[in-house]
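Overview (structure and organization)
Residues per chain, in single letters:
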Amino acid sequence: MPKSELFVARPNLPEIEELLPLLESIWDSSQLTNNGPLVQKLSRQLESYFQTAHVTLCGNGTLALICALKSLKLPVGSEVITTPYSFVATASAIVWAGLKPVFVDIEEDGFNISASAIAAAVTENTSAIVPVHCYGKPCDVQAIQDIADHHGLSVIYDAAHAFGVDCDCGSLLSHGDASIVSFHATKVFHTFEGGCVVTKNTELKEQVDLAINFGFRSETEVDGIGINAKMSEFNAAIGLLQIDRVDDLIAARKKAHEHYNQALASVACVTLPSDKGYRSNYSYYPVLVSKECKLDRDALYNELKSFGVFARRYFFPLITDFESYKDFRKGNDLPNAQRAAEQVLCLPIHPSLDTKDLDRVCSAFTRALL
Ligand code: T4K
């Protein structure tokens, strides 16, 4: 990709030379997959980084979410309350797990699912809640847990964006029955493709370990309907080369976030993201382009493109607006989610953006709106 084009994400890559010893170790052992030594090593390192009891590495975040949900053994076809304002994988994982997504609105002044909307949507068929820490910003984990406890519901957090995020609630990934994280190439920490299930619950961890490996308990025993969701040794090697430097990568993202916040503060019609009150990972830079702006969000998106700045409309369309999800729409009123889908533009944010790049984004942005 030419450097003149600024994309919303750009994966950090280790030097090829750093990878060679790990590749040699894979070649020497001939263990390419099936819980090999590098997968085990990365799992232990992530448990330590996340300050959690158990990490199960998976082929990607979507499979991690499917396997976490399957491992709860919820009644087939039962309802799972979730958000329409997310990547489509949140909902598709629920359906692949044999469950029915029920979409409720997000908060009026944020992008996460509304706890009061969850409470209002619980029925006798509800079995679980799948909230998303959208852009890595923590959900109201206490309110959600209170609702879950009151109704006896499971909670699996889609923490695809939340690698390394902490809040005054402690390690964000320690909430609910489990969380899933994505290690896709576009994420703060990546393994090319990858993801994991994080849980404190030893029994659930055992079920997830079975689920990702076809359900094999032993050579001759299969427990439950499993799938192949294992991470390979190659993907684990990529992760091992990044785990020690992920805090530096997050610090570089923070600089970009601060640069944008300062340079774009004069554009009064937009709302810029805030990192107040939690330890952010700066995975996204979502800007709300209000109706007062000279250009609407889509016009701004196209204008930036003409300057080689490829911002993204995460998350547009809403999941409920995809034709494939029409059966799950249920006539719900989702005004906050609808507004976010129409007004949010995510600007490029990644560690390789230098000051010149950031200035280029800011000058294209301000030129379009001021
Ligand atoms: N839950 C949530 C809330 C999620 O956001 C996601 C994934 C999941 C679950 C599922 O996790 P995974 O199964 O993916 O692990 C991206 C990612 O594919 C996806 O992982 C992510 N969320 C979603 C929000 O964004 P796209 O369609 O935007 O990716 P793409 O290919 O357009 O990449 C964006 C930009 O990044 C490109 O314009 C250029 C750059 N790029 C991308 C790739 C893949 C590179 O420079 N190199 C690359 O290899 O979906």
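See the structure shown above.
Predicted model only: the values in this text are computed from it and were never measured.

Criteria and cut-off values
Residues numbered from 1 in each chain as written. Predicted model: local features only at pLDDT ≥ 70, side-chain atom pairs only at ≥ 80, totals over all residues. Heavy atoms only, no water. Axes fitted to C-alpha atoms, helices over the stretch in contact; angles between N-to-C directions. Helix = DSSP H or I, 4+ residues; strand = E, 2+ residues; numbered from the N terminus. Left-handed = near helix turned anticlockwise from the far one by under 90°. Contact = heavy atoms within 4.5 Å. Nonpolar A, V, L, I, M, F, W, Y, C, P; charged D, E, K, R; others polar. Buried < 20%, exposed > 50% of the residue type's maximum accessible area, 1.4 Å probe, protein only. Pairing = 2+ DSSP bridges.

**As for the packing of helix H9 (residues 246-263) against helix H12 (residues 355-369)**
- Running from amino to carboxyl end, H9 crosses H12 at an angle of 35 degrees, the nearest separation of the two axes being 10 Å. Crossing geometry of H9 relative to H12 is assigned as right-handed. Contact residues: H9 offers Ala 256, His 259, Tyr 260 and Ala 263, while H12 offers Thr 355, Leu 358, Asp 359, Val 361, Cys 362 and Thr 366.
- The class makeup of the residues in the contact of H9 with H12 is six nonpolar, three polar and one charged.

**Quick notes on the pairing of strand E9 (residues 178-182)**
- A large share of E9 lies buried, amounting to five of its five residues.
- Burial of the side chains of E9 extends over both faces: Ala 178, Ile 180 and Ser 182 are buried on one face and Ser 179 and Val 181 on the other.
- The sheet contact formed by strand E6 (residues 154-158) and E9 spans three bridges and is parallel. Bridge pairing in E9 places Ile 156 opposite Ala 178.
- Examined bridge by bridge, E9 and strand E10 (residues 195-199) share four bridges and lie antiparallel to one another. Bridged to Ser 182 within E10 is Gly 195.

Shape is all these values report; function is a separate question.
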